[in-house]
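So the chains spell out like this:
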Amino acid sequence: MDIAIVGGGMAGASLALMLSHYCPQLSVVLLEQRPLPDAGASIRLPSFDTRATAIAAGSLELFAGLGLWPQLRDYCAPIEQIQVSDRGRALGLSMRAGQQRASFEGMLGAVIENAALGPILHEALAQTEVQLLAPARVTDVQMGADGAHLRWCGAEKGAESALQAGLLVVADGVNSPLCRQLGIGVDTVQYRQQALVTTVGLQRDHGGVAHERFTDDGPMALLPLPRRDGQHRMALVWTCAEEEAESLCALPESGFIARLQRTFGWRAGRIVRAGSLHSYPLSLSLAREQWRRNLVLVGNCAHFLHPVAGQGFNLTLRDCYGLAQALARSGLAPDSTGRLDLLQDYGRDRQLDQQLTIGFSDRIPPLFASSAPLVRGLRQVGLLGLTLAPPLRASFVGQAAGFGL
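This structure is a prediction, so every number in the text was calculated from the model and none was measured.

Each value, and the rule that gives it
- Residues numbered from 1 in each chain as written.
- Predicted model: local features only at pLDDT ≥ 70, side-chain atom pairs only at ≥ 80, totals over all residues.
- Heavy atoms only, no water.
- Helix = DSSP H or I, 4+ residues; strand = E, 2+ residues; numbered from the N terminus.
- Buried < 20%, exposed > 50% of the residue type's maximum accessible area, 1.4 Å probe, protein only.
- Contact = heavy atoms within 4.5 Å.
- Salt bridge = Lys/Arg side-chain N within 4 Å of Asp/Glu carboxyl O.
- Core = buried A, V, L, I, M, F, W, Y, C linked by side-chain atoms within 4.5 Å.
- Polar contact = N/O pair within 3.5 Å; in protein donor to acceptor, adjacent residues only side chain to side chain.
- Disulfide = S-S within 2.5 Å.
- Phe/Tyr/Trp six-rings, centres within 6.5 Å; stacked < 30°, edge-to-face > 60°.
- Lys NZ or Arg CZ within 6 Å of the ring centre and 35° of its normal.
- Axes fitted to C-alpha atoms, helices over the stretch in contact; angles between N-to-C directions.
- Parallel < 35°, antiparallel > 145°, perpendicular 65-115°, else oblique.
- Left-handed = near helix turned anticlockwise from the far one by under 90°.
- Pairing = 2+ DSSP bridges.

**Student:** I keep staring at the overall build of the protein and nothing clicks. Help me out?
**Tutor:** A tally of regular secondary structure across the protein gives 11 helices and 21 strands. Across the 405 residues in the protein, those meeting the buried criterion constitute 52%. Counting only contacts in the protein whose residues sit at least 6 apart along the sequence, the fraction spanning at least 24 positions is 73%.

Here you go:
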């Protein structure tokens, strides 16, 4: 086998599709610990409450290149405008798709429910030559001069199988047990914050507007979702202090809505409903090595980011595309996929994009969470600069949309 991908979530599935599309000469196997949905099974979406992913315009182009946009379109809410604002301050930033080069079919991006995105990716995989092993739990990996030697077990307890691949791609998520086994260290920054995630219902249509709102209680993202059963819906990500998150989760729905409305304001109109609240701790996690001979890390095991700008999955897609392109243009024989010089070239090509995106996700939340007068003034100057300087704004939008590099 040329390439083995461990982890069949959105990162691993996206990479497998890109490898199948751009490197058809390579043999690829995908191992996923959980059972995959049956090919052809209908997509079942929650009636109201949902988890969703913001997909930047550059990422939509990548999916379109794989032929997936017709399937994704039916489950996406377009982002036609992004409003960035600082609660209680006069200045803000508004970006419309028609004013930006960084757009896809008139959109700055789109929001898709995870319950649709996952099945669409796996349905597309079932139409490729990628070998799918699921459920398949990797129990041991040994790296050698000829690549990775894996042992894995399926649904039957005690029954193990083995496979060898020239290149091992680890895509099994944050706190990866496989990375620990391989001795790959992780640098972590604990933000001492929680992310509250839920779906909210609005009295009026969101109009394709996404909000990044910075408040004294922490940054908020309010993202458009497709209308369902007559309900106007948006996905909320609210970053707040740990003790604040606990008190918010304890509120009844009416109390939470009142608190959210008071904190966010009325830019999106009246909030009339809130779904189940989910809370998780926030941290920045960076693998100290993303590649070695015969080994690459992608997805959350490589970099797990603060969700303030919704850049984690989009950065992962660009990494996957970069790896597929590096392999496609190398002209190497299939048994040379793990060559160190090839992977070093891939790493150098991805370095600047990762540094810019990770740095932005790490530095912006503390800046906008501060109530210090000097810091407030500096961030207002920053918003003013983006408002008055079109080239600076274009660069900012281009990077956020995945077109910057």
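**Student:** For this particular structure, what's the right way to read the pattern of salt bridges?
**Tutor:** What the rule picks out here adds up to 13 salt bridges. Residues Arg233 and Glu113 are paired through a salt bridge, measuring 3.4 Å at the closest nitrogen-oxygen approach. Note that Arg233 is positioned in strand β16 (residues 232-241) and Glu113 in strand β7 (residues 109-113), a separation of 120 residues in sequence. Looking at Arg233, the relative accessible area reads 0%, which means it is buried.

**Student:** Even after reading the chapter, I still don't get the nonpolar core, so can you show me in this structure?
**Tutor:** Side chains that are nonpolar tend, in soluble globular proteins, to be buried together. Within the largest apolar cluster, 48 residues are counted, with the highest numbers of intra-cluster contacts made by Ile3, Ile5, Leu19, Phe63, Leu72 and Leu327. The element best represented in this core is helix α8 (residues 312-330), accounting for seven residues. Leave out the neighbours within four places in its chain, and Ile5 touches Gly12, Leu15, Ala16, Leu19, Val28, Val29, Leu30, Leu31, Val169 and Ala171. Of all hydrophobic cores here, the second largest spans 24 residues; its members include Val138, Leu150, Leu163 and Cys301.

**Student:** I tried to follow the side chain of Gln354 on my own but got confused; where do I start?
**Tutor:** Examined against the element boundaries, Gln354 turns out to sit in helix α9 (residues 340-369). Engagement of the side chain of Gln354 in a polar contact is seen with the side chain of Asp319, the distance being 3.2 Å. Beyond its immediate sequence surroundings of up to four residues, Gln354 is in contact with Gln290, His303, Leu315, Asp319 and Gly359.

**Student:** In this structure, what is going on with helix α2 (residues 57-65)? I would like to understand it.
**Tutor:** Every α-helix winds through 3.6 residues per turn, so residues three or four apart in the chain are directed the same way. Among the residues of α2, those classed as buried are Ala57, Gly58, Ser59, Leu60, Leu62 and Phe63. In this fold, the buried residues of α2 make contact with α1 (10-22), β3 (52-56), α3 (69-73), β7, α4 (114-125) and α8. One or two steps after α2, the chain reaches Gly67, where phi turns positive at roughly 80 degrees.

**Student:** I keep staring at unusual backbone geometry and nothing clicks. Help me out?
**Tutor:** Note on backbone geometry: most residues besides glycine have negative phi, and most peptide bonds are trans. Of the consecutive residues Ala134 and Pro135, the connecting peptide bond is found in the cis state with omega at 0 degrees. You can see Pro135 is positioned in the loop between β8 (131-133) and β9 (137-144). Here the phi dihedral of Glu105 falls at roughly 50 degrees; this positive angle occurs in a residue that is not glycine. Within the secondary structure layout, Glu105 lies in the loop between β6 (92-96) and β7.

**Student:** How should the state of the cysteines be read in this particular structure?
**Tutor:** Covalent bonding between the sulfur atoms of two cysteines defines a disulfide. Following the criterion strictly, the structure yields zero disulfides and no others. Between Cys240, a cysteine without a disulfide, and Cys249, which holds the nearest cysteine sulfur, the sulfur-to-sulfur distance is 7.7 Å.

**Student:** Hey, could you run me through the packing of aromatic side chains in this one?
**Tutor:** The relative placement of two aromatic rings is captured by the distance of their centres and the angle of their planes. For the structure shown, the criterion picks out four aromatic pairs. Summarising the aromatic geometry, the rings of Trp291 and Tyr346 are spaced 6.5 Å apart at their centres and angled 75 degrees between planes, so their arrangement reads as edge-to-face. You can see Trp291 sitting in strand β19 (residues 291-292) and its partner Tyr346 sitting in helix α9, a full 55 residues away along the chain. Trp291 gets classed as partly exposed once you look at its relative accessible area, which sits at 31%. Here the basic side chain of Arg273 rests over the ring of Phe48, its NZ or CZ set 3.8 Å away from the ring centre.

**Student:** What's the story with the packing of α2 against α8 in this structure? I'm lost.
**Tutor:** Any two packed helices are characterised by the angle at which their axes cross and by the distance between the axes. Two numbers describe how α2 lies on α8: the axes approach to 9 Å, and their chain directions differ by 45 degrees. It follows that α2 is oblique to α8 by the angle criterion. Along this stretch, α2 crosses α8, giving a crossing that reads as left-handed. Residue-level contacts link Ser59, Leu62 and Phe63 of α2 to Phe313, Asn314, Leu317, Arg318 and Tyr321 of α8.

**Student:** What is the right way to look at the sheet that holds β9 in this model?
**Tutor:** Through backbone hydrogen bonds, the strands of a sheet pair up, either in parallel or in antiparallel fashion. Spatially, β9-β10-β11 is the arrangement adopted by the three strands of the open sheet, whose pairing is antiparallel. The open sheet has two edge strands with one neighbour each: β9 and β11 (160-165). Recorded for the sheet is a direction-independent mean angle of 20 degrees between the axes of neighbouring strands. With six bridges joining them, strand β10 (residues 147-153) and β11 adopt antiparallel strand pairing. Across the sheet, the residue bridging to Arg151 is Ala162, located in β11.

**Student:** What exactly am I supposed to notice about the environment of Ala4 here?
**Tutor:** Relative to the assigned elements, Ala4 resides in strand β1 (residues 3-6). Put simply, Ala4 and Leu31 are 27 residues apart on the chain and 7.5 Å apart in space, counted from C-alpha to C-alpha. Once residues lying within four places of it in the same chain are set aside, the contact partners of Ala4 are Val29, Leu31, Leu150, Leu163, Ala165, Leu167, Leu168 and Val169.

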